[in-house]
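Understanding the architecture of this molecule
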Amino acid sequence: MEKLQIDLGEKIYPIYIGSGLLGSLREYLDTADQWVMITDENLDDLYGEPLRQAFAGKTVYKVVIIPGEESKNIDTVTEIIDYMHEIGCTRQSKLLAFGGGVVGDIAGFCASIYMRGIGYIQVPTTLLAQVDSSVGGKTGINITQGKNIMGTFYQPQGVISDVALLRTLPKREFISGLGEVVKYGIIYDYAFFQYIRAHKEKILSLEQSSIAYIIRRCCEIKARIVAQDEKENGLRKILNFGHTIGHALESITNYEKYTHGEAVWIGMYNEILLAQRAGLIKQEYFQELQDFFIDMGIHYDLPGYDTEALLDKMSKDKKNLQGKISFILPVDRGSVVEKHLTREEIRW
Ligand code: ADP
Ligand code: ZN
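Since we're looking at a predicted model, the values are computed, not measured.

**Topic: the coordination of the zinc ion (ligand 2)**
Listed as protein donors to the zinc ion (ligand 2) are Glu-180 (OE), His-243 (NE2) and His-260 (NE2); their distances from the metal cover 1.9 to 2.1 Å. Each donor residue of the zinc ion (ligand 2) lies on one chain, and together they are spaced E-x62-H-x16-H. With Glu-180 in helix α6 (residues 171-188) and His-260 in helix α11 (residues 260-277), this residue pair connects regions lying 80 residues apart in the sequence. Looking at Glu-180, the relative accessible area reads 0%, which means it is buried.

Printed below as a string of structure tokens:
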């Protein structure tokens, strides 16, 4: 098991990464007067019993939500908060988030508002949540008009990333999460990109040490970017590579056709093409990236979609400047720039 310390100035917490870590949850249990675990139905079916054993006789209350983004709303939050109050949770009580990004976002949000904030521990169960949601402290829920409109910045007290949990994760969800992993290599660390490419087969077959390494490296990179953002204005924006097109694509397809990670894969690929058309990326590097993406065998096409509708969505982004759309584009190995492009410059 590896321990990574996340130091974001005002708050420091550990991320444990390894295989078969559920047992270590027991150590946390004495730190609160009551525990409430938030999880979803799929995870409860798979891990309800192993978790009960891991808690070794200690009572942990449980709220099981319906899987998926539809649960990320204020009704679920109210239900959880009501339940916590009903069973007598105090400011010394804590939440345990056991699930993917959806469970993590809801549980983190509830922890940040219950009695003005209580502690919580995250056990991310998807690759996406292990590499992305466990660093940065973003919590949030959706409203009818938009995603993550209500939310807080609230750091967990600890994260336990158990790579063995990924064995039951549907392949589609795993590949989706891998998109964000590749993103870290492209925006920040070419050596990491090379590692992913060289270990592709091992990663896809869930070889535990490669997976543990990529999770650790992504968390390290994200922590470094997030921590530096206070000083270096706007560095955090580079995390948005692939997301300008990705978010627009998710939105015009009503969040039904693609998972977030799939939209990011497609977004990254098309933003690489954009970097080439704009003459920003070194040709040799462009070829290298394109070869890698094609080798991943994902469908990256956009022409089937209404370009104007995508552009309309992208035009609404708050990072835009004077009517130009903000993109993070790769220029060289491990290096990206922010560029603002007009609609005419973007059209494909
Ligand atoms: P994300 O982290 O991508 O936001 P979600 O919370 O939406 O993920 O979860 C995606 C789906 O995968 C949900 O249906 C969830 O129940 C399921 N899931 C999450 N983790 C696991 C796991 N380790 N094994 C099996 N299914 C899982
Ligand atoms: Zn993302």
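**A closer look at the packing of aromatic side chains**
Tallying each qualifying case throughout the model produces 12 aromatic pairs. Relative to Tyr-213, the ring of Phe-192 has its centre 6.2 Å away and its plane inclined at 70°; by these criteria the two rings are edge-to-face. Taken together, the residues Phe-192 in helix α7 (residues 190-198) and Tyr-213 in helix α9 (residues 208-228) connect sequence positions 21 residues apart. With relative accessibility at 1%, the residue Phe-192 sits in the buried group. Owing to a relative accessible area of 25%, Tyr-213 belongs among the partly exposed residues under this scheme. Between Tyr-269 and Tyr-300, the aromatic rings sit 4.4 Å apart at their centres with planes inclined by 20°, giving stacked as the arrangement. Of this pair, Tyr-269 sits in helix α11 while Tyr-300 sits in the loop between α12 (283-296) and α13 (307-315), placing them 31 residues apart in sequence. This pair shows no difference in class: Tyr-269 is buried, exactly as Tyr-300 is. A connected cluster of aromatic rings, assembled from ring pairs, spans Tyr-190, Phe-193, Trp-265, Tyr-269, Tyr-285, Phe-292, Phe-293 and Tyr-300. Lying across the ring of Tyr-184, Lys-183 places its NZ or CZ 5.1 Å from the centre.

**Focus: the pairing of strand β9 (residues 158-162)**
For a regular strand, the rule is simple: side chains alternate between the two faces of the sheet. When you tally the buried positions in β9, you get 5 out of 5 residues, the bulk of the element. Taking every second residue as pointing to the same face, both faces of β9 are buried, with Gly-158, Ile-160 and Asp-162 on one and Val-159 and Ser-161 on the other. Of the strand pairs in this sheet, strand β2 (residues 12-18) and β9 are connected by 4 bridges, and their pairing is parallel. Looking at β9, one finds that Ile-15 is bridged to Val-159. As judged from the 2 bridges shared by strand β6 (residues 119-124) and β9, these two strands associate in the parallel manner. When the sheet's bridge partners are listed, Gln-122 is paired in β9 with Val-159.

**Regarding the site of ligand 1**
The environment of ligand 1 is made up of 16 residues, and the closest members are Asp-40, Gly-101, Thr-125, Thr-126 and Thr-168. For ligand 1, an oxygen atom lies 2.7 Å from a polar atom in the backbone of Gly-101. Here a nitrogen atom of ligand 1 sits 2.7 Å away from a polar atom, N or O, in the side chain of Thr-168. Of all the secondary-structure elements, those providing two or more residues to the shell around ligand 1 are α2 (41-54) and α4 (101-113). If one sorts the elements of the shell around ligand 1 by residue count, α2 sits on top with 3 residues. When its residues are assigned to classes, the shell around ligand 1 shows 8 nonpolar, 6 polar and 2 charged.

**Some remarks on the layout of surface pockets**
Over the atoms rolls a probe the size of a water molecule, and its path tells where empty space is left. In this model, the second largest pocket occupies a volume close to 190 Å³. Taken together, Arg-172, Ile-175, Ser-176, Tyr-258, Glu-262, Trp-265, Ile-266, Ile-298, His-299, Tyr-300, Asp-301 and Tyr-305 form the lining of the second largest pocket. Residue assignment for the lining of the second largest pocket shows that the elements contributing at least two residues are α6 and α11.

**Overview of empty space enclosed by the protein**
Counted by the stated rule, this structure contains 1 cavity of 30 Å³ or more. The calculated volume of the largest cavity comes to roughly 50 Å³. If you trace the largest cavity, you find it lined by Gly-104, Asp-105, Tyr-120, Gln-122, Ser-133, Gly-137, Lys-138, Thr-139 and Tyr-154. The set of elements that each furnish at least two residues to the lining of the largest cavity consists of α4, β6 and β7 (138-143). Within the lining of the largest cavity, the residues separate by chemical class into 2 nonpolar, 5 polar and 2 charged.

**Some details on the domain arrangement of the chain**
When the domains of the chain are assigned, the result is domain 1 (2-165) and domain 2 (171-346). Taking the mean C-alpha position of each, domain 1 and domain 2 sit 27 Å from one another. In total, domain 1 and domain 2 occlude about 1900 Å² of area from one another, counting both sides; carbon and sulfur atoms represent 71% of this. Contact with domain 2 buries surface across domain 1, with Leu-127, Leu-128 and Val-131 losing the most and accounting together for 29% of the total. For the salt bridge of Glu-2 with Arg-216, the shortest nitrogen-to-oxygen distance reads 2.7 Å. At the boundary of domain 1 with domain 2, the tally comes to 5 residue pairs in polar contact (both at pLDDT 80 or more). Elements supplying a minimum of two residues to the side of domain 1 that touches domain 2: β1 (2-7), β2, α5 (127-133) and β8 (146-153). Ranked by residue count, the leading element in the side of domain 1 that touches domain 2 is α5, at 5 residues.

**Section: the sheet that holds β1**
In space, the 7 strands of this open sheet follow the order β1-β2-β9-β6-β5-β3-β4, with mixed pairing throughout. Looking at which strands have only one partner, the edges of the open sheet turn out to be β1 and β4 (61-65). Taken pair by pair, the neighbouring strands of this sheet meet at an average axis angle of 20°, ignoring direction. The sheet contact formed by strand β3 (residues 35-40) and strand β5 (residues 94-99) spans 5 bridges and is parallel. Looking across to β5, one finds that Trp-35 is bridged to Lys-94. Strands β3, β4, β5 and β6 of the sheet are contacted by α4, whose axis makes an angle of about 170° with β5. Packing of α9 onto the sheet brings it into contact with β1, β2 and β9, and relative to β1 it is tilted by some 10°.

About the thresholds
Note that residues are indexed from 1 along each chain, following the sequence as it is written. For this description, chains carry letters from A and ligands carry numbers from 1, given in the order in which they are written. Local features are withheld for residues below a pLDDT of 70 in this predicted model, meaning they are given only at 70 or higher, and side-chain atom pairs are given and counted only at 80 or more; totals for whole chains, interfaces and linings count all residues. Derived side-chain values reflect all non-hydrogen atoms in the structure, with water molecules and hydrogen atoms excluded from consideration. Atoms of type N, O and S within 2.8 Å of a metal are treated as its donors, and for Na, K and Ca the window is 3.2 Å; water is not considered, so some sites may appear to be missing partners. Going along the chain from the N terminus, every DSSP run of H or I of four or more residues is numbered as a helix, and every run of E of two or more is numbered as a strand. Exposure is judged per residue with a 1.4 Å probe applied to protein chains only, and the accessible area is read against the type maximum: over 50% gives exposed, under 20% gives buried, and values in between give partly exposed. Each Phe, Tyr or Trp ring, with Trp reduced to its six-membered ring, pairs with another whose centre is within 6.5 Å; inter-plane angles below 30 degrees give stacked pairs, above 60 give edge-to-face pairs, and intermediate values give tilted ones. Should the NZ of a Lys or the CZ of an Arg lie within 6 Å of a ring centre and within 35 degrees of the ring normal, that charge is described as sitting over the ring. Pairing between two strands is assigned when DSSP locates at least 2 bridges connecting them. Near residues are defined by distance, with any heavy atom within 4 Å of the molecule or strand qualifying the residue. Here a polar contact is taken to be a pair of N or O atoms separated by no more than 3.5 Å, where protein atoms must pair a possible hydrogen donor with a possible acceptor and residues adjacent in sequence count only if both atoms sit in side chains. Residue type decides the class: Asp, Glu, Lys and Arg count as charged, Ala, Val, Leu, Ile, Met, Phe, Trp, Tyr, Cys and Pro as nonpolar, and the leftover types, Gly among them, as polar. In this analysis a 1.4 Å probe is tested at points of a 1 Å grid over the protein atoms alone, and where it fits but cannot get out there is a cavity; an open set with protein on both sides within 12 Å along at least five of seven lines is a pocket; lining residues have an atom within 4 Å of a point. Grid points are joined across faces, edges and corners, and a volume is the space filled by probe spheres set on the points. Domain segmentation is taken from an automatic or database assignment of domains. By definition, the buried area sums, over both parts, the 1.4 Å-probe accessible area that each loses when the two are put together. Just to be clear on terms, a salt bridge is a Lys or Arg side-chain nitrogen sitting within 4 Å of an Asp or Glu carboxyl oxygen. All axes are obtained by fitting lines to C-alpha atoms, using only the stretch in contact for helices, and the reported angles, taken between N-to-C directions, cover 0 to 180 degrees. Residues count as neighbours in contact if any of their non-hydrogen atoms are within 4.5 Å of one another.

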